[in-house]
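Geometric and topological summary
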Amino acid sequence: PLQLHAVIWSWSPAAMVTFWGLPLTGDDGRQLVILMICQPIFMIVAALVLERITKWMHCTRVQRGTLIIGAGLSNHGFTLGAYLCYAMLNPADLARSYAIAFVMSMVLFMVIIFYPIASHFGAKGGGPLGSLMMDSLISVRAMPLYLSIVGFGLNILHVPVPAQIADWHVLDILFFGGQHN
């Protein structure tokens, strides 16, 4: 429950503010698109490889689910995304925003794909994967997706980001507040 609150009240608004202020054109926009596309590829490829391996090894249903999810969520978002984006990408003042975007891509795929996989492979068997994915999209856990879309929309509509967001360090507060869950 604590992580759920962090995702809803901290990460979701952080995603909105991040996507609202990130450049969507030029080299910076291209860099953002590459990051956002690579994150789910890392997650899905790792999960698919383990799906095949666990079938070959005749693992139980719960073992398969655990290993598939573990492979897909292997800390790519926070280690590969946040740390490397922050440490290596230019311009440095956008590094945190790129890191948040990369982690948000991971969070979105967790909600859309990996939470339903966990339910599907759980001991009780949560039902057909497609239905579980649709249910996950309309759950409160999908809030980062919806607020990310709002942020992109505001950006595309050229609505200026209020100066108070930077002046009051709102993104810093949301980012670091979400880390303590």
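Residues numbered from 1 in each chain as written. Predicted model: local features only at pLDDT ≥ 70, side-chain atom pairs only at ≥ 80, totals over all residues. Heavy atoms only, no water.

1. So, a nonpolar patch on the surface
Residues Val33, Ile37, Ile41, Val45, Val49, Ile53, Trp56 and Met57 make up a contiguous nonpolar surface patch of about 790 Å² in total accessible area. Here methionine 57 lies in the loop between helix H2 (26-56) and helix H3 (61-72). (Patch = residues over 30% accessible without salt bridge, like charges linked within 9 Å, V, L, I, M, F, W, Y side chains within 5 Å. Areas by Shrake-Rupley, 256 points an atom, 1.4 Å probe, with all protein chains shown as cover. Salt bridge = Lys/Arg side-chain N within 4 Å of Asp/Glu carboxyl O. Helix = DSSP H or I, 4+ residues; strand = E, 2+ residues; numbered from the N terminus.)

2. Digging into the side chain of asparagine 155
Within the secondary structure layout, asparagine 155 lies in helix H7 (residues 143-156). The class of asparagine 155 is buried, set by a relative accessible area of 13%. Within the local environment of asparagine 155, its side chain forms a polar contact with the backbone oxygen of tryptophan 20, the two atoms lying 3.1 Å apart. Beyond its immediate chain neighbours, meaning those up to four positions away, asparagine 155 contacts Phe19, Trp20, Gly21, Leu22 and Leu24. (Buried < 20%, exposed > 50% of the residue type's maximum accessible area, 1.4 Å probe, protein only. Polar contact = N/O pair within 3.5 Å; in protein donor to acceptor, adjacent residues only side chain to side chain. Contact = heavy atoms within 4.5 Å.)

3. Notes on the nonpolar core
Counting 34 residues, the largest nonpolar core has Phe19, Leu22, Leu32, Phe114 and Ile117 as its most contacted members. Breaking this core down by element, the ones donating at least two residues are helix H1 (2-21), H2, H3, helix H5 (95-121) and helix H9 (170-179). For this core, the element with the highest residue contribution is H5, accounting for 13 residues. Setting aside chain neighbours within four positions, we find isoleucine 117 in contact with Ile68, Ile69 and Leu129. (Core = buried A, V, L, I, M, F, W, Y, C linked by side-chain atoms within 4.5 Å.)

Just geometry here; none of it tells us what the structure is for.
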